[in-house]
Amino acid sequence: MTSLTAKDKDNVRSFWAKVSGKAGDIGMDALARMLIVYPQTKTYFSHWKDLSPGSAPVKKHGITVMNGVGFAVEKIDDLKAGLLNLSELHAFTLRVDPANFKILSHNILVVLATMFPNDFTPEVHVSMDKFLAALALALSEKYR
Amino acid sequence: MVEWTDFERATIQDIFSKIDYDTVGPATLARCLVVYPWCQRYFGNFGNLYNAAAIKSNPMVAKHGTTILHGLDRAVKNMDDIKSTYAQLSELHSEKLHVDPDNFKLLTDCLTVVVAGQMGKDFTGEVQAAFQKFLAVVVSALGRQYH
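Definitions and limits used
Residues numbered from 1 in each chain as written. Chains lettered and ligands numbered in written order. Predicted model: local features only at pLDDT ≥ 70, side-chain atom pairs only at ≥ 80, totals over all residues. Heavy atoms only, no water. Helix = DSSP H or I, 4+ residues; strand = E, 2+ residues; numbered from the N terminus. Rg over C-alpha atoms; globule rule 2.2 N^0.38 Å. Buried < 20%, exposed > 50% of the residue type's maximum accessible area, 1.4 Å probe, protein only. Contact = heavy atoms within 4.5 Å. Areas by Shrake-Rupley, 256 points an atom, 1.4 Å probe, with all protein chains shown as cover. Lys, Arg positive; Asp, Glu negative; His and termini not counted. Charge placed at Lys NZ, Arg CZ, Asp CG, Glu CD. Buried area = accessible area lost by both parts, 1.4 Å probe. Salt bridge = Lys/Arg side-chain N within 4 Å of Asp/Glu carboxyl O. Phe/Tyr/Trp six-rings, centres within 6.5 Å; stacked < 30°, edge-to-face > 60°. Core = buried A, V, L, I, M, F, W, Y, C linked by side-chain atoms within 4.5 Å. Polar contact = N/O pair within 3.5 Å; in protein donor to acceptor, adjacent residues only side chain to side chain. Disulfide = S-S within 2.5 Å. Expected span 1.5 Å × (residues − 1). Axes fitted to C-alpha atoms, helices over the stretch in contact; angles between N-to-C directions. Parallel < 35°, antiparallel > 145°, perpendicular 65-115°, else oblique. Nonpolar A, V, L, I, M, F, W, Y, C, P; charged D, E, K, R; others polar.

**Student:** Explain the overall build of chain A to me, please; I cannot follow it from the model alone.
**Tutor:** Helices and strands together make up the secondary structure of chain A, namely 7 helices and 0 strands. Starting at the N terminus and walking to the C terminus, you meet the elements of chain A as α-α-α-α-α-α-α. A globule of 144 residues ought to have a C-alpha radius of gyration of about 15 Å, and chain A, at 15 Å, matches this closely. Its C-alpha atoms give chain A principal-axis dimensions of roughly 45 × 40 × 20 Å. The buried share of chain A, taken over its 144 residues, is 47%. Taking the contacts inside chain A whose residues are at least 6 apart along the sequence as the reference set, 75% of them involve residues at least 24 apart. Carbon and sulfur atoms form 56% of the exposed surface of chain A, whose accessible area is close to 7400 Å². Distance from the positive charge centre (17 side chains) to the negative charge centre (14 side chains) of chain A: 5 Å.

**Student:** Hey, could you run me through the interface of chain A and chain B in this one?
**Tutor:** Between chain A and chain B, the contact holds 18 residues from the first and 20 residues from the second. The contact between chain A and chain B buries some 1600 Å² in all, and 62% of this surface belongs to carbon and sulfur atoms. Taken together, chain A and chain B are joined by 1 salt bridge. Note that Glu123 of chain A is salt-bridged to Lys56 of chain B, the shortest N-O span being 2.9 Å.

**Student:** Looking at this model, I keep getting lost on the pattern of salt bridges. Mind explaining?
**Tutor:** Pairing between side chains of opposite charge can happen when the charged atoms of each approach one another. All names here are of chain A. Counted according to the given criterion, the structure contains 11 salt bridges over all chains. Across the pair Lys18 and Asp119 runs a salt bridge, and its minimum N-O distance is 3.4 Å. One end of the pair, Lys18, is in helix H1 (residues 6–19); the other, Asp119, is in the loop between helix H6 (99–115) and helix H7 (122–140), and 101 residues separate them in sequence. Here Asp119 falls in the partly exposed class, since its relative accessible area comes to 30%. Each of Lys9, Arg13 and Asp77 takes part in a single network of salt bridges with overlapping partners.

**Student:** What's the story with the packing of aromatic side chains in this structure? I'm lost.
**Tutor:** Centre distance and the angle of the planes are the two values used to describe a pair of aromatic rings. Scanning all chains against the criterion turns up 11 aromatic pairs over all chains. Judged by centre distance (6.1 Å) and plane angle (80 degrees), the rings of Phe15 of chain A and Phe116 of chain A are edge-to-face. In this pair, Phe15 of chain A sits in helix H1 while Phe116 of chain A sits in the loop between H6 and H7, placing the two residues 101 residues apart along the sequence. Look at Phe15 of chain A and you get buried, because its relative accessible area is 2%. Site record: aromatic cluster; members linked through ring pairs are Trp4, Phe16, Phe123, Phe131 and Phe134 of chain B.

**Student:** Even after reading the chapter, I still don't get the nonpolar core, so can you show me in this structure?
**Tutor:** Taken as a class, soluble globular proteins show a tendency for nonpolar side chains to be buried jointly. Core analysis: the largest hydrophobic core is formed by 76 residues, its most contacted members being Leu112 and Phe131 of chain A together with Phe16 and Phe134 of chain B. In contact with Phe16 of chain B, other than residues within four places in its own chain, are Tyr21, Leu69, Leu72, Val76, Phe131 and Phe134 of chain B.

**Student:** I would appreciate a short explanation of the side chain of Thr11 of chain B in the present structure.
**Tutor:** All names here are of chain B. Within the secondary structure, Thr11 sits in helix H1 (residues 6–18). In terms of polar contacts, Thr11 uses its side chain to reach the backbone carbonyl oxygen of Phe7, at 2.7 Å. Ignoring any residue separated from it by four or fewer positions in sequence, one finds Thr11 in contact with Val127 and Ala130.

**Student:** Hey, could you run me through the state of the cysteines in this one?
**Tutor:** Cysteine pairs can be covalently joined through their sulfur atoms, and such a bond is termed a disulfide. Residue and element names in this part refer to chain B. What the rule picks out here adds up to 0 disulfides over all chains. Here Cys39 stays unpaired: no disulfide links it, and the sulfur of Cys32, its closest cysteine neighbor, is 3.9 Å away. On the accessibility criterion, Cys39 (3% relative accessible area) is buried.

**Student:** How should helix H2 (residues 23–37) of chain A be read in this particular structure?
**Tutor:** Given a rise of 1.5 Å per residue, 15 residues ought to cover 21 Å, and the 21 Å separating the end C-alpha atoms of H2 of chain A matches this to within 8%. What H2 of chain A keeps buried is the set Ala23, Ile26, Gly27, Met28, Ala30, Leu31, Ala32, Arg33, Met34, Leu35 and Val37 of chain A. Considering only its buried residues, H2 of chain A is in contact with H1, helix H3 (56–74) and H6 of chain A together with helix H9 (125–143) of chain B.

**Student:** It is not clear to me how the packing of H1 of chain B against H9 of chain B should be interpreted in this structure. Could you clarify?
**Tutor:** Geometry of a packed helix pair, given as the angle between the helix axes and the separation of the axes. All names here are of chain B. Viewed as axis vectors pointing N to C, H1 and H9 meet at an angle of 85 degrees, and their least axial separation amounts to 9 Å. Relative to H9, the element H1 is oriented roughly perpendicular. Between H1 and H9, the contacting residues are Phe7, Glu8, Thr11, Ile12, Ile15 and Phe16 on the first element and Glu126, Val127, Ala130, Phe131, Lys133 and Phe134 on the second. Tallied by class, residues from the contact of H1 with H9 come to 8 nonpolar, 1 polar and 3 charged.

Note that all results are geometric; they support no functional claim without further evidence.
Given below as structure tokens:
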């Protein structure tokens, strides 16, 4: 949709600096929530033995995903170039329907609201929403 | 007809009995106008909406936020027939207010974020699922009379 302004990038960087210490917890919670609230997303994880919140695969994968988000924050000035490899991974190997990026983004925002209610102001919310949308777009780049 | 589990019924009643309408309502509408600024098109006579600070301190936004949230009361009390409960409200939003029904989802997403912020850890995945299901039914009912 819209590109990130300088203010957006500032908001994302400074908010990320505050929350990155809890990246693993955020990722795990967001992923667990997604599997509960949007059960159709479980179809991507039929190879996991345990899909419950707090389970080992959910925890591990939440960390992986959130590390990806942190990586994207560092590449915020050129997400398309910075996320090229990740895009190829999602396009050719994982083949995740890009509609699911929106779903996961929503759950990340909900978790940020529960964990950082005072810092997740409307201004930070809009910048993070835009950033995650731009991230999703960069991830979809190699799909077709 | 929508099927509700006991957990879902209890969760919805619980959430709405505990939230402070005068905090959550204004916070939700203000957040919606900041995060999805195109929604401001429906509030041309609300005065200063030029930036986040102005939106957050705008008394008309605050008052209307509370009004909207109380609009959900009837659905909370009539969970087994939200469709007919909101028939007139749906017509109002379509014929008089001309609100694009896609905006309903944007507002309920902001409500979810605000309630999540209020409830913190208590806003578990299961609670979120029940809350979002309720709001989805509300959104569907509000869009029903559009033609």
